[in-house]
Amino acid sequence: MFEKLLVALDGSPVAEQVLPYVEPLARDLKAPVTLLHVLEPLPEEVRAAYLRLSLPLEELINVTKAQEYLALHARRLREAGLAVEIQTITGHPAEAIVEHAQQRGFGLIAMTTHGRSGVRRWTLGSVAEHVVRASHTPVFLVRATEKLHRVTAMQRLVVPLDGSPLAEGILPAAQELATRLSLPVLLVRVVTFPVTIAAWPEGQSYIGELMDQMQREAESYVEALTQRLQKSGLQVASHVVQGEPAGEIARVARGKPGSLVAISTHARSGLQRWILGSVTDKLIRNYGGPLVVFHPPAERPAGP
Ligand SMILES: Nc1ncnc2c1ncn2[C@@H]1O[C@H](COP(=O)(O)OP(=O)(O)OP(=O)(O)O)[C@@H](O)[C@H]1O
Ligand SMILES: [Mg+2]
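This is a predicted model, so every value here is computed, not measured.

(A) View of the site of ligand 1. Near ligand 1, the surroundings consist of 22 residues, among which Val-38, Thr-112, Ser-117, Ser-126 and Val-127 are the closest. One of the backbone N or O atoms of Asp-10 is found 3.1 Å from an oxygen atom in ligand 1. Protein chains bury 88% of the 610 Å² of accessible surface belonging to ligand 1 in isolation. Mapped by element, the contributors of at least two residues to the shell around ligand 1 are β2 (33-39), α4 (93-103), β4 (108-112) and α5 (126-134). Here the residues of the shell around ligand 1 are counted per class, giving ten nonpolar, nine polar and three charged.

Next comes the structure, spelled out in structure tokens:
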């Protein structure tokens, strides 16, 4: 896994905010990098007009421009000691990025949450949104910011778990990533207040007791996983907190600079195609640091 890195660049400075992360990532993963730009095909009637007037096809001009642009960034990354290739393809950006990664066996797609249209809070650009939802290749996602932000070296892999087997599905990949990046792992479990029970008039008296019991269960759950992961030689710690999952996971990760959050697109509520689990969705929108988004193994088609 994580053998080759595909970096999607739309030509905007916002999208380039992924590059400072690509350098240490590719170095630690000892993975070659491909910088990819997808050219949107010219509308047919425009193309026909160009041909009729035997004007040089804009597409061709754009290809050259795109290759020159990618070559510039490739040169910088090569100077930093990385093996870098550039690639331009034609197609609809989101689908083309997902397909290219799948077909060429890339282990990780790296991109920013926004690109040419600029940074908007709490949202994702349409290409990023589609890639995160549809890609079976893990996505290293960097939240783009208006002003360039200082990149903090990655110092730990935060792995949120809700106790479901589906959420645990990312552990083998997270374990491999932590091992290859030599990062300690922090397992995070959030115990959520059972609102349904709180609604019962007589439920009130049970709440405290129930929360304590859920806390104890969660602690023994992460303790068992911690010991299991430690056997593979990883440094592992765990954290059980109470509250709203996405908010608490983001708070824990923000509280420790250099946290890379590894999260699965779906967990307890199961696989609903094309929609992200609500916690993942909120985390991608609210957590300001880098994330790696995995599709649970169950959903992965037979890859190359
Ligand atoms: N044509 C493309 N080729 C390669 N990467 C692309 C292309 N278009 C977008 N991307 C990548 O997708 C990421 C998010 O960009 P996206 O297009 O989703 O945001 P946006 O331009 O701000 O929003 P929108 O396109 O929805 O107006 C960026 O990292 C960008 O490099
Ligand atoms: Mg865009």
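What follows continues from the structure just given.
(B) View of the environment of Thr-152. Looking at where Thr-152 falls in the secondary structure, it is placed in the loop between β5 (139-142) and β6 (156-160). Residue Thr-152 is classed as partly exposed on the basis of its relative accessible area of 30%. Through-space distance from the C-alpha of Thr-152 to that of Pro-257 is 7.0 Å; in sequence the pair is 105 residues apart. Every residue in contact with Thr-152, bar those within four places of it in the chain, is listed here: Pro-257 and Gly-258.

(C) The environment of Phe-2, seen in detail. Along the polypeptide, Phe-2 turns up in the segment before β1 (5-8). Taking relative accessible area as the criterion, Phe-2 reaches 0% and is therefore assigned buried. Put simply, Phe-2 and Leu-29 are 27 residues apart on the chain and 7.0 Å apart in space, counted from C-alpha to C-alpha.

Parameters and conventions
Residues numbered from 1 in each chain as written. Chains lettered and ligands numbered in written order. Predicted model: local features only at pLDDT ≥ 70, side-chain atom pairs only at ≥ 80, totals over all residues. Heavy atoms only, no water. Near = heavy atom within 4 Å. Polar contact = N/O pair within 3.5 Å; in protein donor to acceptor, adjacent residues only side chain to side chain. Areas by Shrake-Rupley, 256 points an atom, 1.4 Å probe, with all protein chains shown as cover. Helix = DSSP H or I, 4+ residues; strand = E, 2+ residues; numbered from the N terminus. Nonpolar A, V, L, I, M, F, W, Y, C, P; charged D, E, K, R; others polar. Buried < 20%, exposed > 50% of the residue type's maximum accessible area, 1.4 Å probe, protein only. Contact = heavy atoms within 4.5 Å.

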